[in-house]
Structures are given as C-alpha cells and as structure tokens.
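# Survey of secondary and tertiary structure
These are the residues of each chain, in order.
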Amino acid sequence: MGCAPSIHVSHSGVIYCRDSEESNSPHQTTTISQGTATLHGLFVKTDAADSIPSVLAYQSRQPPPSAAPRRKERRESGGASARSRTPHCCSVEAETQTSSSSVKQASTTEIQVGPMRLTQYPIQVLLVFAKEDNQSNGFWWACDRAGYRCNIAWTPESALECFLDKHQEIIVIDHRNSRYFDAEDICRSIRAVEPSEHTVILAVVPRISADQEETSVLPLLDAGFDRQFMENSVTACYNELVQIEHGEVRSQFKLRACNAVFTALDHCQEAVEITSEDHVIQYVNPAFEQMMGYHKGELIGKELTELPKSDKNCADLLDNINTFIKKGKEWQGVYYARRKSGDSIQQHVKITPVIGQGGKIRHFVSLKRLHCTNENTNRYCKSHHEEKYTGDNSQSESNSYKCKNRRKDSVDVKSITSQSSDAPSLQTRRYSSMARIHSMTIEAPITKVINIINAAQENSPITVAEALDRVLEILRTTELYSPQLGTKDEDPHTSDLVGGLMTDGLRRLSGNEYVFSKNVNLSHSHLPVPNTINDVPPCIAQLLDNEETWDFNIFELEAVTNKRPLVYLGLKVFARFGVSEFLNCSEVTLRAWLQVIEANYHSSNSYHNSTHAADVLHATAFFLGKERVKGSLDHLDEVAALIAATIHDVDHPGRTNSFLCNAGSELAVLYNDTAVLESHHTALAFQLTTKDSKCNIFKNIDRNRYRTLRQAIIDMVLATEMTKHFEHVNKFVNSINKPMAPEETSPHSEGSDTECTANIKNFPDNQTLIKRMMIKCADVANPCRPLELCIEWAGRISEEYFAQTDEEKRQGLPVVMPVFDRNTCSIPKSQISFIDYFITDMFDAWDAFAHLPVLMQHLANNYKHWKTLDDLKCKSLRLPSENNN
C-alpha cells in the first residue's frame, strides 16, 4: 500500500518533493513540469535550469533496496557548464525524506588520547566528480550509510571553494579520466592550503583487467594523495570510507589535539625539555630558552652530551640520574646547569621517562625551575618569583647596586619603590617590571659585545673608559656596515653616487607623481617560436662558441640577435649547467620562459635592458665554473644563481629606487620604499613564470624543492640592492675570507681547497654569502671587463643617469645625483669614484676566494685609463686622439 508523496519547502521557498514509497518503477516519482531539474530523484524547482549549483550539499539520502544503488535519473539543462556558472559552493542544501531504519544517524564520537577526552563530530566528506555515474553514486550512498556529512563538487574551482568553507576530513577525487579535469592538479591545489594538513585525499582509479600490471602509486603520493581506490561497488566504497575513518582520520584527529598540548607547554612558566631515548633534544619551550639563554634552533637535534656542563655538580651525579631514569623511574633533585653565557645556575629538576611502543622508554620529559637558594641565581629567580622579593629591601639594594654598576644609566629600583610608600600596588608593579628588565636574557651578539665593553670600563683608566664610550656610541648606530664619507665638498662625485645608489630617496617634495607605466608582456602568443640551440644561425653559433671565456663580447651578440641576446645565451648556458634536467622541464618550456623574460626587459633603456641581463648571466656562469665556487655550491645553488641572474632586472624602468620613492610611484608605495625594484623584479618574474604552463619551468618539481629554489633566487636578487652592499661584503670577508686565510698560508695547505669547500657546504649560511657575493660581482662587473666593453658600459649607465636627472628637473623632483648632469658630468671621475668606493674591496674579497687574475688585471688597466682621462681634465669616455681614430 503506497504512502502519500512528501512535499518540502527549502529556505529559498523552492518546492521539491519525492514519493516516500519505494518502487521498482522510476515513473512513480512525482513529475514536475517545465522549469524543474531532476537530481538523484530529488526535484528542485528552479527559475532557470542552469541555476543548479556546482556543489551539492546533503546529509542523508534514501538508500537503495539492494546492495547496489539504483541509478537515479538526473537531468541538468546546460550540463557541466551550467553547473559551473554558480560561483558559491554549498549555496543550495537539500535533504531527502528517508526512513530512520536505513540511515545511520550522524552522531559525535568520544575519543581518548592519553588522559585527554576528545569529542569527534560527524565526518565530513567531499566528493569531486566531473559527472554522475555508478561510482559517484556509490560513494554518495556509502556516506549516507556511514552517517557522514557529504558534499559533491563538479568543478576544480568549486571543490577548492567548498573545502576552504567546510574543511572536510576525507576528499574523494575522480582520477579515472583526465578529459574533464586534472585530478592531480586539484589535489595539489587543495594541498597548497593550510587546512589540508590533516585531510585524507583518496584517488579513484579505473579497474584493471587480470592481465594488466598494476601501476605505481608513487605519482599519486607525489601529487598529495594518501590512498588510491580502484573503482568498485557500494559496499567497497563503504568499507573504504569506514577504514579511513578508523585509521587515518582518527589518527589525524588525535594529532590535531596535540596542538592544544603544545600551546599549553609554550605558555607554561616552568622550563620544559623533551628528549629521545638517546637523549637527543626534541623540544624546548620558551621558558627553557629564557632560562638557559639559547634559541630552540640551537638545541633541537643535539645530544645533551654536546652542551657545556657546569663543574659544580658532584662527579657521580649524572651517573645516578641515568641509573634512575633508565629503569623507568622518575628522578628529581637539584642540578647545576650552564647557560649559554657561561654562568652556572642551580635548578630544581624533575625527569620523567615516557613509556611508548613495545613497553620501551621512548622519551624523557624534564621540568626545570630555578632553585633560588644560591646567591648567584637570585638575579634570575627574580624574573620568575618577583613577589617573593618585593618586600626585601636589602635584596633590592643589593640587586639595584649591581644593575647600576653594569649599566651606568640604570635606575636604582629601591629608590623608585621607596618614594611612594602610600601606593604599595604600584610599587609592586614597578619593582616587578624593573626586575624583569634587568634580568632579561636577550643574547643578541651586539648585546654581548656592549655588555663586555661595559664590564671592561669599570676597571679601566679614564682615557680607556672614554675611548670605550666612543666605541659604544658607534655600536649603537644602525649603519654598522656603511663607511662614513667626507663632506660633499671634498668628494661630490662619490657623495652623489652613494646617495643615489645606497638610499631609498628623500620624501616627495612636490605634488607630482611618477606613475610607473608597466607594459608587462603577460601574453606569449605573439612571440615567434625561437630556434633550438642546435639550429641557431652560424654567426650566432660562432659567437657562442666563445661564451665560456671572460672576454666574451656581449655587444656583438646583441647586434647579431637584434637585441635578443638573453634567449640565445640563456639556452647555451642553461644547457651547459643541466638546468632543464634539474627542473625536469623540456627545452621548449625553457625557450618559452627565456623569451617571456627577455620580452619584459625594456629595450628602450640604455643600460638596464636584456643585454645587461645576458652580461650578468655570462659573468655568473663564468664564476660558477671556478673550482672553489663549484666545490662550495650544490646543483640547486647553481640553478638558482643562473635563474636569478636572468631575472634580476626584469621590467627595470631605467630609474633608481631613490627616484621612484621621491616620485611616489606605484611600486614604491607597494613595497614601502624598501628594495622597491629588486622586490618587483622577483615578484614579476615568478608571476610571469607561473601564469602560463607553456613557460612554467617550475611545474614539474616537487613543492619542497620549489620553495628552496624560490627562496634562493629571491635572496640573490634582493642582494643586488645597494643599500646593504657593505654588509654583504663585510660578512663575506669575515665568514669566508678570514677563516680561509690561515689555511692558504699554511705550509701544509695542499688539498686545503677541497677541505675548505667541504666545510662551506656544511654551513648553508656560508653558501648563501657566496651566492650573494657572486651575483653582486656579476651585476657590477663592468669595470673588470676588457677596456672596450668597460667603456661601452660606462657610457650606457651614464646616459641612463643623465636621463633620470633630466626627468627629475622636468618634474620638479629632488635631483638624486646632481653630478650626473649631461652638460657638466665627468664620466671618468664618476667611474673612479665607483671603483674606489664599491668595486675594489668587493673584487679583492671575491678574487681571494675564487681566484680571478684576468678580472683583476682588467680592473687595474681600466682604472688607469680613467685616471689618465681625469688627470687630463677630459670628461668624455676616450682621449680626443682615440675618438678621432
């Protein structure tokens, strides 16, 4: 006997209905006239058939009468394209009428994690299918049967949008047919967002026949999938989802709960240290860092035996502690520890073994607090237990006297607190604050230096103390690496040059705005397909045969390539260093990328154009070929250096950072007047690269390698910004040159190059300094080129500076480099100043590392040329007799 059909009204007033009686005939469902759409037996009345959303949300659904679901008819006017027009996920929610006996009601689950009780809410599942079929129906019914909340998305965009809204625990993606969408791309896009860290993603793959060999799951794992599921029945879908729930999902749920535990540890006032069973430090909290003076990065991964020990402990104390804890017993007592500064402090320590898998000890948890009976630790105890000492006047006097001695301008805490006896609460707060300030354990290197000098002053003669006062004044300035110039009258060329290159400009003095007109070539279709490196014209190929030598003439290549030297030189250099193989990209992709990058250099610039980029790429490749450089860097570093050289000035407007800041340009506003152009070059280069798959040279490398490569490229391009020039050079000298000097002068220095480069490879920070120095030298290597090339570059950069000065005068902007006035400028003087101030010391340091005698000889010859012209008061590039010739 049949039941009456159930009628429901949705939130939007749309009527939908369904017969509640099950029947083998699909024709017994209620028929709705024109203007409706049918979804799995769910009729949704619409004003237009294409308003069906791209994501459907539901919680329950009538199960099929048999093990396999009956295929419900679904008609959608407009098909997939109609569905994708709706931009918002989960915009329609509908529930079907179901019988309570056939559907497991969604409920919460109690889960125990140690002593912690957690509540897990109903699992949410996202199905991503391009169209409805037996498999999508199977997972739909499986979700219903398991009591999961489920959504289905038809397009990649709606899938990502729905996940960001719902944060489903399980995602099922159809990987059977790439005709509709790329399942691996969808997976990667979801994995790229933070909430996916604890999500399990399942790939549905086609069933294989008995005679077919099963394919590897590694590509799926690389794309971000956790499991694969071979298309199967409803029961198999249900079993798979339930296993995932009780396996990965529950494990991920427990891991998420650990965040709360770590948050508690991070805010705990007691110092906490967790080590492995082998006493390797795995975790320390901020209280531990403050107590011991270390940063956690200096501790994690080290064995306890590697840290300095205090000599105040009994000889057998450590043996007693180990005896206790190795038996699984807790130990507590008083122990002396040595802080990073070398001070010994007395601690009350409790060490608890943690039993893990197999009944074995897997971790040791140590809780430490300062033991405040020792005179030497009172200063540290006060920051943790201020209230204990607030009323102790004698203790206050003692500590304030010590503080006053160590810091001449410190305030006597006791005198402050005693002046206002009628406000004890204020006294307490004031005393606690001052005590904390004087007991801070900030261990920045400059703080250590200042403290050492302060201590030395106390017992020094007057003259020495005054000299140390002057030292402290210098150390407290922010520009520790920038040399101080003489007055502008003494050396106007150097002052103007440094002012233009090493500052971000003055504030804008006029109402004019310099709007940076960006003609960015984001479209690549108009560019002709370049030849392969094997098919280049003979004249170009002949020039490129000489590209490995330092005297390679980039201007000849510029002429024969019609101002497109970067593509041809790039193909040759990148092939020599195996860039395509490292990036796993085709030569076609690499050619397209080089072409796009070159198209976004301004050929109208006299200096900052693609010829300059090609010149810097050539210099970088030359440096990478030197034995010591090659031995110090990895293949990733080489690839990063070549890419950084290629993009380092892309879309350069032919104006300095100071000009853009003074003019209030869009870029200066965007990058807050800081490293404006360098930030723009890197950002635009990555935008151009990733915008189109045809030129995306990074599309085939995994996420971790891409991030490491990207960071190296960005760091190198930002290093070309001149405001930190002396900082980079001084760090290189102190960290690379000076440690190497004793090895090179040693009589047993044979083979020291290999040992030296091996040591550098062990310290990534040193590799970073080398890469920065390399691209900086490549960027300004013009004075070290053969004389004719050096003269040409000097003329080009001068012309660009002249044009900037002309525009500054036209717009009423501050003139950044007044000496670069085309009517009065002496180019020889400007080159001499540039070499004296920027080039000589930097290339001396680079030559000491990389051994570059040819460059240093050219530099000496070119400097002599400019000095001769200057002595003759000649302002041009050559002597009059040379010009006539």
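Note that the structure is a prediction, hence the values are computed from the model and not measured.

Rules of the game
Residues numbered from 1 in each chain as written. Predicted model: local features only at pLDDT ≥ 70, side-chain atom pairs only at ≥ 80, totals over all residues. Heavy atoms only, no water. Helix = DSSP H or I, 4+ residues; strand = E, 2+ residues; numbered from the N terminus. Buried < 20%, exposed > 50% of the residue type's maximum accessible area, 1.4 Å probe, protein only. Contact = heavy atoms within 4.5 Å. Areas by Shrake-Rupley, 256 points an atom, 1.4 Å probe, with all protein chains shown as cover. Patch = residues over 30% accessible without salt bridge, like charges linked within 9 Å, V, L, I, M, F, W, Y side chains within 5 Å. Salt bridge = Lys/Arg side-chain N within 4 Å of Asp/Glu carboxyl O. Core = buried A, V, L, I, M, F, W, Y, C linked by side-chain atoms within 4.5 Å. Expected span 1.5 Å × (residues − 1). Axes fitted to C-alpha atoms, helices over the stretch in contact; angles between N-to-C directions. Parallel < 35°, antiparallel > 145°, perpendicular 65-115°, else oblique. Nonpolar A, V, L, I, M, F, W, Y, C, P; charged D, E, K, R; others polar. Pairing = 2+ DSSP bridges. Right-handed = clockwise from strand over helix to strand, strands pointing away. Phe/Tyr/Trp six-rings, centres within 6.5 Å; stacked < 30°, edge-to-face > 60°. Left-handed = near helix turned anticlockwise from the far one by under 90°. pLDDT = per-residue confidence, 0-100.

### Concerning the overall build of the chain
Counting its secondary structure elements, the chain contains 36 helices and 18 strands. A buried classification covers 47% of the 885 residues belonging to the chain. A sequence separation of at least 24 residues applies to 70% of the contacts in the chain between residues at least 6 apart. Summed over all atoms, the accessible surface of the chain reaches about 44,100 Å², with 51% contributed by carbon and sulfur.

### Structural notes on a nonpolar patch on the surface
A grouping of Val217, Leu218 and Leu221 is seen on the molecular surface, where their side chains present a nonpolar patch of about 250 Å² in accessible area. Relative to the elements of secondary structure, Leu221 occurs in helix 5 (residues 218-223). Take Leu221: its relative accessible area is 42%, and that puts it in the partly exposed class.

### Observations concerning the nonpolar core
Core analysis: the biggest nonpolar cluster contains 113 residues, and Leu583, Trp593, Phe623, Ile643, Ile713, Trp846 and Phe849 have the highest contact counts within it. With 13 residues, helix 34 (residues 827-850) is the single largest residue contributor to this core. Every residue in contact with Ile643, bar those within four places of it in the chain, is listed here: Phe574, Leu583, Trp593, Ile697, Phe698 and Ile713. Ranked by size, the runner-up nonpolar core spans 24 residues in total, among them Val125, Cys143, Ala146 and Tyr148.

### Section: helix 35 (residues 853-871)
Compared with an ideal rise of 1.5 Å per residue, which puts 19 residues at 27 Å, helix 35 spans 27 Å between its outermost C-alpha atoms and is within 8% of the ideal. Every buried residue of helix 35 is listed here: Leu855, Met856, His858, Leu859, Asn862, His865, Trp866, Leu869 and Asp870. Positive phi appears at Lys873, one or two residues downstream of helix 35, with a value of about 60°.

### Things to note about the packing of helix 20 (residues 565-576) against helix 25 (residues 635-647)
The packing of two helices is summarised by the inter-axis angle and the distance between the axes. Axis separation between helix 20 and helix 25 bottoms out at 12 Å; the angle between their running directions is 175°. The angle between the axes of helix 20 and helix 25 places the two elements in the roughly antiparallel class. Two secondary-structure elements touch here, helix 20 through Leu566, Val573 and Phe574 and helix 25 through Leu642, Ile643 and Thr646. For the contact of helix 20 with helix 25, the per-class residue count stands at five nonpolar, one polar and no charged.

### What to know about the sheet that holds strand 15 (residues 281-284)
Reading across from one edge, 15-14-18-17-16 is the order of the five strands in this open sheet, with antiparallel pairing throughout. The open sheet has two edge strands with one neighbour each: strand 15 and strand 16 (331-338). Each neighbouring strand pair of the sheet contributes to a mean axis angle of 30°, computed without reference to strand direction. Across eight bridges, the pairing between strand 16 and strand 17 (residues 344-355) is antiparallel. When the sheet's bridge partners are listed, Tyr335 is paired in strand 17 with Gln347. Each of strand 16, strand 17 and strand 18 (361-370) touches helix 9 (residues 317-326); the most contacted strand, strand 16, lies at about 140° to it.

### Side note on the pairing of strand 9 (residues 124-128)
Taken across its five residues, strand 9 has five buried, putting it largely inside the fold. Here strand 9 shows no split at all, with Gln124, Leu126 and Val128 on one side and Val125 and Leu127 on the other all buried. Here strand 9 runs beside strand 10 (residues 149-153); their pairing, made up of five bridges, is parallel. Pairing of Leu126 across the sheet is with Asn151, part of strand 10. With respect to chirality, the unit in which strand 9 leads through helix 2 (residues 134-146) into the neighbouring parallel strand 10 is right-handed. Relative to strand 11 (residues 170-174), strand 9 runs parallel, the two sharing four bridges. When the bridges of strand 11 are listed, Val125 appears paired with Ile170.

### Quick look at the packing of aromatic side chains
Under the definition given, this model contains 21 aromatic pairs. Taking 5.5 Å as the distance between ring centres and 45° as the angle between the ring planes, the aromatic pair formed by Phe834 and Phe838 counts as tilted. Residue Phe834 and its partner Phe838 are located together in helix 34, separated by four residues, close to a single helical turn. Judged by relative accessible area, which is 15%, Phe834 ranks as buried.

### Some words on helix 28 (residues 676-691)
Here helix 28 contains 16 residues, and its C-alpha end-to-end distance of 22 Å stays within 8% of the 22 Å for a straight helix at 1.5 Å per residue. The set of residues buried in helix 28 consists of Val676, Leu677, Glu678, Ser679, His680, His681, Thr682, Leu684, Ala685, Phe686, Leu688 and Thr689. Structurally, helix 28 contributes buried residues whose contacts are with helix 22 (587-599), helix 25, helix 26 (657-662), helix 27 (666-670) and helix 29 (703-719).

### A closer look at the environment of Val354
Checked against the element boundaries, Val354 lands in strand 17. Counting along the chain gives 29 residues from Val354 to Ile325, while the straight-line C-alpha distance between them is 9.7 Å. With sequence-adjacent residues up to four places away left out, Val354 is seen in contact with Lys360, Ile361, Arg362, His363 and Val365.

### Observations concerning the packing of helix 33 (residues 787-811) against helix 35
Contact pair helix 33 / helix 35: the axes reach a minimum separation of 10 Å and the direction vectors enclose 55°. In this view, helix 33 runs oblique relative to helix 35, as classed from their interaxial angle. Handedness of the crossing formed by helix 33 with helix 35: right-handed. From helix 33, Leu787, Cys790, Ile791 and Ala794 reach across to helix 35, where they touch Asn862, His865 and Trp866. Considered class by class, the residues forming the contact of helix 33 with helix 35 number five nonpolar, two polar and no charged.

### Re the environment of Thr840
Tracing the chain through its elements places Thr840 in helix 34. Considering only alpha carbons, one finds Thr840 and Leu859, 19 residues apart in sequence, at a separation of 8.4 Å.

### Side note on the pairing of strand 7 (residues 109-113)
Here five bridges tie strand 7 to strand 8 (residues 116-120), and the two strands are oriented antiparallel to one another. Pairing of Gln112 across the sheet is with Arg117, part of strand 8. Adjacent in sequence and paired antiparallel, strand 7 and strand 8 are bridged by two residues, among which Gly114 carries a positive phi angle near 60°.

### Considerations on the confidence of the model for the chain
Scored by pLDDT, the chain comes out at a mean of 77, with 69% of its residues at no less than 70. Mean pLDDT in the chain bottoms out at strand 4 (residues 42-45), which sits at 33, and peaks at helix 23 (residues 610-624), which reaches 98. Confidence drops under a pLDDT of 50 for residues 381-442, and excluding neighbours within four residues, the segment shows 59 contacts in the predicted structure. A low-confidence stretch, residues 522-531 stays under pLDDT 50, and its non-local contacts, those more than four residues away or across chains, total 20 contacts.

### Quick word on the pattern of salt bridges
Here the structure, examined in full by the defined rule, presents 27 salt bridges. As a salt-bridge pair, Arg822 and Asp806 come within 2.9 Å of each other at their nearest N and O atoms. In this pair, Arg822 sits in the loop between helix 33 and helix 34 while Asp806 sits in helix 33, placing the two residues 16 residues apart along the sequence. Arg822 sits in the partly exposed class, given a relative accessible area of 36%. According to the relative accessible area criterion, Asp806 is partly exposed, its value standing at 24%. Note that Lys829 and Asp870 form a salt bridge whose closest N and O atoms lie 3.2 Å from each other. Within this pair, whereas Lys829 is found in helix 34, its partner Asp870 is found in helix 35, the two being separated by 41 residues in sequence. Residue Lys829 is classed as partly exposed on the basis of its relative accessible area of 32%. Salt bridges here are not isolated pairs; linked through shared partners, they connect Asp133, Asp174, Arg176 and Glu231.

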